[in-house]
2 protein chains.
Amino acid sequence: MIRIGIFGYGNLGRGIEAAVHKNSDMTLAAVFTRREPSALKINTDGVPVVHVSEVEKWTDKIDVMVLCGGSATDLPEQTPALAKLFNLVDSFDTHAKIPEHFEKVDSAAKENGKTALISAGWDPGMFSLNRLYAACVLPDGKDYTFWGKGVSQGHSDAVRRIDGVVDARQYTIPKAEALEKVRNGENPDLSTRDKHLRECFVVAEEGADLKKIENEIKTMPNYFADYDTIVHFITMDELKREHSGIPHGGFVIRSGKTGFNNEHSHLIEYSLKLDSNPEFTASVIAAYARAVYKLYKEGAVGCKTVFDIAPAYLSGLSGEEIRKNLL
Amino acid sequence: MIRIGIFGYGNLGRGIEAAVHKNSDMTLAAVFTRREPSALKINTDGVPVVHVSEVEKWTDKIDVMVLCGGSATDLPEQTPALAKLFNLVDSFDTHAKIPEHFEKVDSAAKENGKTALISAGWDPGMFSLNRLYAACVLPDGKDYTFWGKGVSQGHSDAVRRIDGVVDARQYTIPKAEALEKVRNGENPDLSTRDKHLRECFVVAEEGADLKKIENEIKTMPNYFADYDTIVHFITMDELKREHSGIPHGGFVIRSGKTGFNNEHSHLIEYSLKLDSNPEFTASVIAAYARAVYKLYKEGAVGCKTVFDIAPAYLSGLSGEEIRKNLL
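Notes on the structure in this doc start here. Quick caveat, the model's predicted, so the values are computed rather than measured.

A few points about the nonpolar core
Residues Tyr288 of chain A together with Phe32 and Tyr288 of chain B are the most contacted members of the largest nonpolar core, which totals 161 residues. Contacts of tyrosine 288 of chain B, omitting those with residues within four sequence positions, involve Tyr133 of chain A together with Val89, Leu117, Leu129, Val306, Ile309 and Leu314 of chain B.

Okay, structure coming up:
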């Protein structure tokens, strides 16, 4: 059994806990929290909840630690620090800072003989894999990533910070016309506005200036100004009833040409439709935790990404079994 | 430059030749043929065409040999024999015989310090990868593979063997209702007939008994009897004009559940839409030829499949570059 530790018990941590139950070769060893452990109720009976300050005592009781903190401030500190003590997986998703994060984690893991994998999930993660595979298979081509329809936590938070807003949910929606052009192999040049639409469901304070809120959303730099944005004002009841889920998904599409005269076109499309973004992310991480465990046993220390992991390492089955049943 | 050899110059061999031109780190070293070499005109100037009986003289001039023969009789002999002399890739696609083929090639390659990769292409190949990734990420789920719309060479040949048939083309078509049920996450049990339709375009001899031909097609065991089959009789002109391409494609879809109470559903879909089946297969093989070359240089000898290859090996870019640009 692969003994999994969960470091941070938010949506992703709960998703990891559920994923461990779906993988018969894994067991949950402990959950680590910054909160007062006795105040935290988890879903699995008999599993210790431990304060993060005690984590060093667990080095011989955990095979792979899964870091469930955020990419903005938690993981840049936690992953390099914990890579000195544990094999681990994180879901670091600040694309621009991945090279720097990789170097720090790689040094820490190598110096201490540990195996780490960063940026697991679906983007970065499964989408990255599909971008790489498709680019290698169709070198003369162009790829497109679309996200949604799904809830963007960052954009929802940005709307919530506006004066007069009580709560909000933002959906990122790929534009059907853009998707169609890409699927037709037209290789269009698409602006930010061409690719995605943003739809906001906003609960405003009583008496708030709705026109002003709507304008503040639509003109917000980086988050909304470059997009077509639709704003709906709804009641808190409606928000809770209709918008409490965390669905997401998207598309990675590459179109490319083959032949001596580029006479043949091909389309590779990978898509995800997810009821729960954190639970699916957790499911990907669980599979990569298995890979990290196997690689560590083989002595492959240092920092890895999904690009460095042969697919067979994700599976609990033997090479013979997967060749027989899945090839 | 990776020096590629092509062993067998049919549709797939020509596809490899075109794919080498799309990959700037590859060069075509020679084409090997069972025909009289002087009678064979290839698309690349200045590349030797060599009789297969001379292949042993080329061991130090080729980095990776690509075997382009058929799975029925060519590859079971050729791949183990050539794995003693060359690093190689084949596209062996008789699913039931893959384990046996693997063992033979593995022994030959290991004994002679070579690296071989079998069953590259899109199914087996990219579809197999997607079945494996999806199964590992959603262990509580079910997957479906649909093929088409595309030309099945084997089924076209079967129709051509019927008395009174001059030429024929058979399309395998996934049934839209079945695809929809799978995409809805219904996890249906689908029979052979439920999943695919077969459509035949047949050129008959003048005066042939069309009713008899149609009946022979529709009742042919293994090939058509278990399917709904549509038969059209057309002229040779129409066949040449409308049905001369070799398009194909298909879908690998897995739906699965996550959550402590299976409360969330997810759908992973990978699809291909290919103008030219052999050229796309060749493009996949070219990427895996690069991987074989890199693995050989690292000393990883023996037989591999797509499951054993970390995605980064397919790319001509460095680890830093792919982490920066594709993760």
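Concerning empty space enclosed by the protein
In the structure shown here, the tally under the stated rule is five cavities of 30 Å³ or more. The calculated volume of the largest cavity comes to roughly 70 Å³. Around the largest cavity, the lining residues are Met126, Asn130, Tyr133, Ala134, Ile268 and Tyr270 of chain A together with Met126, Leu129, Asn130, Tyr133 and Tyr270 of chain B.

Considering the relation of the copies chain B and chain A
Expressed as a screw transformation, the operator carrying chain B onto chain A has a rotation angle of 180° and an axial translation of 0.0 Å, and the superposed copies differ by an RMSD of 0.0 Å. The superposition of one copy onto the other is thereby described by a two-fold rotation axis. Scanning chain B for the C-alpha nearest the rotation axis identifies alanine 310 of chain B, at a separation of 1.9 Å. When the interface residues of chain B are mapped onto chain A, 100% of them again lie at the interface, so the same face is used by both copies.

Let's talk about the interface of chain B and chain A
Listed per partner, the contact involves 68 residues of chain B and 68 residues of chain A. Summing the contributions of chain B and of chain A, the shared interface buries around 5,900 Å²; its carbon and sulfur component is 66%. Of all residues in chain B, the largest losses of buried area upon contact with chain A belong to Lys22, Phe260 and Leu327 of chain B, amounting jointly to 15% of the total for that side. A salt bridge links lysine 22 of chain B to aspartate 140 of chain A; the shortest N-O distance between them is 2.6 Å. On the surface where chain B and chain A come into contact, there are 25 residue pairs in polar contact (both at pLDDT 80 or more). The set of elements that each furnish at least two residues to the side of chain B that touches chain A consists of helix 1 (11-22), helix 3 (98-111), helix 4 (126-137), strand 12 (248-258), strand 13 (264-274), helix 10 (277-297) and helix 11 (319-325) of chain B. Taken together, the residues of the side of chain B that touches chain A break down into 33 nonpolar, 19 polar and 16 charged.

What about the sheet that holds strand 3 (residues 49-51) of chain B?
Residues and elements named next belong to chain B. Strand order in this open sheet of seven strands is 3-2-1-4-5-6-14, and the pairing throughout is parallel. Both outer strands of the open sheet, strand 3 and strand 14 (302-304), are each paired with one neighbouring strand and no more. Two strands pair when backbone bridges link them, and strand 1 (residues 2-7) and strand 2 (residues 26-33) are joined in this way by six bridges, in the parallel orientation. Within strand 2, the residue paired with arginine 3 across the bridge is threonine 27. Those strands touched by helix 2 (residues 74-82) are strand 1, strand 4 (64-67) and strand 5 (88-89), and its axis lies near 175° from that of strand 4.

Description of a negative patch on the surface
A cluster of acidic residues, Glu177, Glu180, Glu186 and Asp194 of chain A, forms a negative patch at the surface. Position of glutamate 180 of chain A relative to the elements: it lies in helix 6 (residues 176-183).

Structural notes on the packing of aromatic side chains
Residues and elements named next belong to chain A. Taken as a whole and judged by the stated rule, the model has eleven aromatic pairs over all chains. Between phenylalanine 127 and tyrosine 270, the ring centres sit 6.0 Å apart and the planes meet at 80°, which makes this aromatic pair edge-to-face. In this pair, phenylalanine 127 sits in helix 4 (residues 126-137) while tyrosine 270 sits in strand 13 (residues 264-274), placing the two residues 143 residues apart along the sequence. One exposure class covers both phenylalanine 127 and tyrosine 270, and it is buried.

Digging into the packing of helix 1 of chain B against helix 10 of chain B
All names here are of chain B. One way to put it is that helix 1 packs onto helix 10 with a least axis distance of 8 Å and a crossing angle of 55°. It follows that helix 1 is oblique to helix 10 by the angle criterion. For helix 1 against helix 10, the interelement crossing comes out right-handed. Only Pro278, Glu279, Thr281, Ala282, Ser283, Ile285 and Ala286 of helix 10 make contact with helix 1, whose side of the interface consists of Asn11, Leu12, Gly15, Ile16 and Ala19. Considering only residue class, the contact of helix 1 with helix 10 consists of seven nonpolar, four polar and one charged.

What counts, and where the lines are drawn
Residues numbered from 1 in each chain as written. Chains lettered and ligands numbered in written order. Predicted model: local features only at pLDDT ≥ 70, side-chain atom pairs only at ≥ 80, totals over all residues. Heavy atoms only, no water. Core = buried A, V, L, I, M, F, W, Y, C linked by side-chain atoms within 4.5 Å. Buried < 20%, exposed > 50% of the residue type's maximum accessible area, 1.4 Å probe, protein only. Contact = heavy atoms within 4.5 Å. 1 Å grid on protein atoms, 1.4 Å probe; cavity = no way out; pocket = protein on both sides within 12 Å on 5 of 7 lines; lining within 4 Å. Points joined across faces, edges and corners; volume = space filled by probe spheres on them. Least-squares fit on C-alpha atoms with pLDDT ≥ 70 in both. Buried area = accessible area lost by both parts, 1.4 Å probe. Salt bridge = Lys/Arg side-chain N within 4 Å of Asp/Glu carboxyl O. Polar contact = N/O pair within 3.5 Å; in protein donor to acceptor, adjacent residues only side chain to side chain. Helix = DSSP H or I, 4+ residues; strand = E, 2+ residues; numbered from the N terminus. Nonpolar A, V, L, I, M, F, W, Y, C, P; charged D, E, K, R; others polar. Pairing = 2+ DSSP bridges. Axes fitted to C-alpha atoms, helices over the stretch in contact; angles between N-to-C directions. Patch = residues over 30% accessible without salt bridge, like charges linked within 9 Å, V, L, I, M, F, W, Y side chains within 5 Å. Areas by Shrake-Rupley, 256 points an atom, 1.4 Å probe, with all protein chains shown as cover. Lys, Arg positive; Asp, Glu negative; His and termini not counted. Charge placed at Lys NZ, Arg CZ, Asp CG, Glu CD. Phe/Tyr/Trp six-rings, centres within 6.5 Å; stacked < 30°, edge-to-face > 60°. Parallel < 35°, antiparallel > 145°, perpendicular 65-115°, else oblique. Left-handed = near helix turned anticlockwise from the far one by under 90°.

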